[in-house]
Amino acid sequence: MRMSSRNGKSGRAPRTVRRFMQDDIWNIGRNESWFSGMAEKGFHLRRIGRIFAFFEKGEPTKTNYRIDVMNTAPETEQLELYEKFGWKLVCNIKELYIFSSPENAACPELHTDPAEQSFTLETVDRKLKYQVIWISFLMMIFLGMMAALFFLNQTPTLSLMEVTGLQIPILLFVELYVSYSVIRNYVSLRRLKRTLSQGKPMNHKERWRLPRLINGTISVFFILCAFLTIILPIADIFQRETYTLTDKPDNLAVIRLAAIEKNPRLDRQTGPFNEGGDFLNSVNKGWSPLAPVQYEINENGIIEDLAWDDNSGPYSPAIHTRYYRLLLSGMADNLTRDIEKKFVDSYDPEMIVCEEKVEGFDRLIVAVSGIRKQVFAARGKEVMYVDYFGNAQAQDLIRLLPQAFQFPAEI
């Protein structure tokens, strides 16, 4: 992965090239080897950050690099002494100071006693340990919050049908990787410190190509995941749409009141109008990567010269439909169960829930309580929930389901 920029005019100024670090900063030997490999290609290190290393394009040379840990900024006299022995300061990032020397100069090493060099890592070791403890504590709190948001309603699959619900596991995934990166950095430092304390010198020619490729690929994946958490809400805004339900809704998987009631005197019961049209008779289109086609449909009717059985007023049946076309058919069964958990009133003593075996459907659940009939149906990648209030029977809804599922279900 690379990005480049040109300074100066007419190409006379040296070209600066950026490269993603793609590796733990505390993999000192591996980074030293990478800087040397870049120099052999004509890219000479000039400065470094946590994300990018900046190289200047020039002539290929064989250059040795050494990363030295200095807990306090070096004095001018110390840098002059290093330069006297052939090591020139290139740049630094916090306590890490990077020096270079020509390979053919055969300069003496900055540290000749590995055990003594390990003591220079004590302060940084304590600092990173506190960071790991603090981040682990925050991560546990974050995990608890995310788990509560996702699982307390006991309908995780249904939550994934919403963009906000999908953001939670993606964000959790990214946060876990960030925490893992901090811990991995600390482990790299501890491993280096232990090696040096045993009197073993650091490997300045450690292989870097494969680890950088692996770490770079993983980093790009998680960067894309983080980018998704930003893009998904924007895409959701553009995909959402609300409008008034027409008398003949083409391409909608829905059971209409007229088909259930079969009464020519049935009229539409209108409600308050807003920007989306008639609130009581509306289509609310949604979107999610896991359910690219999804919508809710509300329809309310009234028969003025017919009363409810309890004479509470004119007979006014209503039906609410939720439809999902899923990306993966394997989610249909769990989604059906989640919708049942959310919308069936388990505290209703009159509620009767049973599962029907109907040809052409993978799962079909019926819940009945007085004038309320609920049907939960799954077929392949399609899931439909019908919530009906009226005098028709649940079997009347079931008979209409195959016809409703025949529609393309695209708005």
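Residues numbered from 1 in each chain as written. Predicted model: local features only at pLDDT ≥ 70, side-chain atom pairs only at ≥ 80, totals over all residues. Heavy atoms only, no water.

1. Thoughts on the environment of Leu 328
Mapped onto the secondary structure, Leu 328 falls in the loop between strand S15 (318–325) and helix H9 (332–343). You can call Leu 328 partly exposed: its relative accessible area is 47%. For Leu 328 and Leu 290, which are 38 residues apart along the polypeptide, the C-alpha to C-alpha distance reads 7.3 Å. (Helix = DSSP H or I, 4+ residues; strand = E, 2+ residues; numbered from the N terminus. Buried < 20%, exposed > 50% of the residue type's maximum accessible area, 1.4 Å probe, protein only.)

2. Quick notes on the confidence of the model for the protein
When pLDDT is averaged across the protein, the result is 88; 93% of the residues are at 70 or more. Taken as a whole, residues 1–10 scores under 50 in pLDDT and shows 22 contacts with residues more than four places along the chain or in a different chain. (pLDDT = per-residue confidence, 0-100. Contact = heavy atoms within 4.5 Å.)

3. Comments concerning the side chain of Asn 31
As for its position among the elements, Asn 31 is in helix H1 (residues 28–40). Residue Asn 31 is classed as buried on the basis of its relative accessible area of 2%. Only 3.1 Å separates the side chain of Asn 31 from the backbone oxygen of Asp 24, close enough to count as a polar contact. Excluding residues within four positions of it along the chain, Asn 31 makes contact with Met 21, Asp 23, Asp 24, Ile 25 and Ile 67. (Polar contact = N/O pair within 3.5 Å; in protein donor to acceptor, adjacent residues only side chain to side chain.)

4. Considering the nonpolar core
Of all hydrophobic cores here, the largest spans 33 residues; its most connected members are Ile 255, Ile 260, Leu 364, Met 384, Tyr 388 and Leu 401. Contributions of two or more residues to this core are made by helix H8 (257–261), strand S13 (291–307), S15, strand S17 (363–369), strand S18 (372–379), strand S19 (382–389) and helix H10 (394–405). Top element by residues in this core is H10. It accounts for seven residues. Residues contacting Ile 255, with those up to four places away along its chain left out, are Ile 260, Glu 299, Ile 319, Val 386, Leu 397, Leu 400, Leu 401 and Ala 404. (Core = buried A, V, L, I, M, F, W, Y, C linked by side-chain atoms within 4.5 Å.)

5. What to know about H1
In this model H1 runs 19 Å from its N-terminal to its C-terminal C-alpha over 13 residues, within 8% of the 18 Å that 1.5 Å per residue would give. Those residues of H1 lying buried are Ile 28, Gly 29, Arg 30, Asn 31, Glu 32, Ser 33, Trp 34, Phe 35, Ser 36, Gly 37, Met 38 and Ala 39. Once H1 ends, the next one or two residues include Gly 42, with phi positive near 95°. (Expected span 1.5 Å × (residues − 1).)

6. Looking at the side chain of Glu 95
Following the sequence through the fold, Glu 95 ends up in the loop between strand S6 (88–93) and strand S7 (96–102). At 3.2 Å, the side chain of Glu 95 and the side chain of Lys 127 are in polar contact. Setting aside chain neighbours within four positions, we find Glu 95 in contact with Trp 26, Asp 68, Val 69, Met 70, Val 124 and Lys 127.

7. Section: empty space enclosed by the protein
Summary: where empty space remains is shown by rolling a probe the size of a single water molecule over the atoms. Across all of its chains, the model carries one cavity of 30 Å³ or more by this definition. Quantified by volume, the largest cavity comes out at close to 40 Å³. The wall of the largest cavity is formed by Ile 28, Ile 67, Asp 68, Val 69, Gln 117, Thr 120, Leu 121, Leu 192, Leu 196 and Met 202. Elements that contribute at least two residues to the lining of the largest cavity include exactly strand S5 (63–69) and helix H6 (163–197). (1 Å grid on protein atoms, 1.4 Å probe; cavity = no way out; pocket = protein on both sides within 12 Å on 5 of 7 lines; lining within 4 Å. Points joined across faces, edges and corners; volume = space filled by probe spheres on them.)

8. Considering the sheet that holds S6
In space, the three strands of this open sheet follow the order S5-S7-S6, with antiparallel pairing throughout. With one partner strand each, in any of the chains shown, S5 and S6 form the two edges of the open sheet. The mean inter-strand angle of the sheet, taken between neighbouring strand axes irrespective of direction, is 25°. Relative to S7, S6 runs antiparallel, the two being bridged by five bridges. The partner of Leu 89 across the bridge, within S7, is Phe 99. Across the sheet, H1 touches S5 and S7, and the angle it forms with S5 is around 150°. (Pairing = 2+ DSSP bridges. Axes fitted to C-alpha atoms, helices over the stretch in contact; angles between N-to-C directions.)

9. Focus: the pattern of salt bridges
As a working rule, side chains carrying opposite charge can pair if their charged atoms are close by. Going through the model one piece at a time under the given rule, you end up with 20 salt bridges. The partner of Arg 379 in a salt bridge is Glu 382, with the nearest N and O atoms 2.9 Å apart. A relative accessible area of 27% means that Arg 379 is categorised as partly exposed. On the basis of relative accessibility, which here comes to 9%, the residue Glu 382 falls in the buried class. (Salt bridge = Lys/Arg side-chain N within 4 Å of Asp/Glu carboxyl O.)

10. With respect to unusual backbone geometry
For Lys 262, which is not glycine, the phi torsion reads 55° and is therefore positive. Positive phi values are uncommon outside glycine, yet Asn 311 reaches one of about 55°. Within the secondary structure, Asn 311 is located in the loop between S13 and strand S14 (314–315).

11. Considering the packing of H6 against helix H7 (residues 209–239)
Between H6 and H7, the shortest axis-to-axis distance is 10 Å and the interhelical angle comes to 150°. By the angle between their directions, the pair H6 and H7 is classed as roughly antiparallel. The element H6 and its partner H7 pack so that their crossing is left-handed. Residues Val 163, Leu 166, Gln 167, Ile 170, Leu 171, Phe 173, Val 174, Tyr 177 and Arg 184 of H6 form the contact with H7, whose participating residues are Asn 215, Ile 218, Ser 219, Phe 221, Phe 222, Cys 225, Ala 226, Leu 228, Thr 229, Leu 232, Pro 233 and Asp 236. Tallied by class, residues from the contact of H6 with H7 come to 15 nonpolar, four polar and two charged. (Parallel < 35°, antiparallel > 145°, perpendicular 65-115°, else oblique. Left-handed = near helix turned anticlockwise from the far one by under 90°. Nonpolar A, V, L, I, M, F, W, Y, C, P; charged D, E, K, R; others polar.)

12. Describing the layout of surface pockets
In this structure, the largest pocket encloses a volume near 940 Å³. Surrounding the largest pocket, 33 residues form its lining, Asp 23, Arg 50, Ile 51, Ser 181 and Asn 185 being those nearest its centre. Of all the secondary structure elements, the ones that give two or more residues to the lining of the largest pocket are helix H4 (122–151), H6 and H7. Split into classes, the residues belonging to the lining of the largest pocket amount to 18 nonpolar, eight polar and seven charged.

13. Concerning the environment of Met 384
Within the secondary structure layout, Met 384 lies in strand S19. With a relative accessible area of 1%, Met 384 lands in the buried category. Met 384 sits 368 residues away from Thr 16 along the chain, and the two C-alpha atoms are 58 Å apart. Contacts of Met 384, omitting those with residues within four sequence positions, involve Ala 253, Val 254, Thr 321, Arg 322, Tyr 323, Val 375, Phe 376, Ala 377, Leu 401, Ala 404 and Phe 405.

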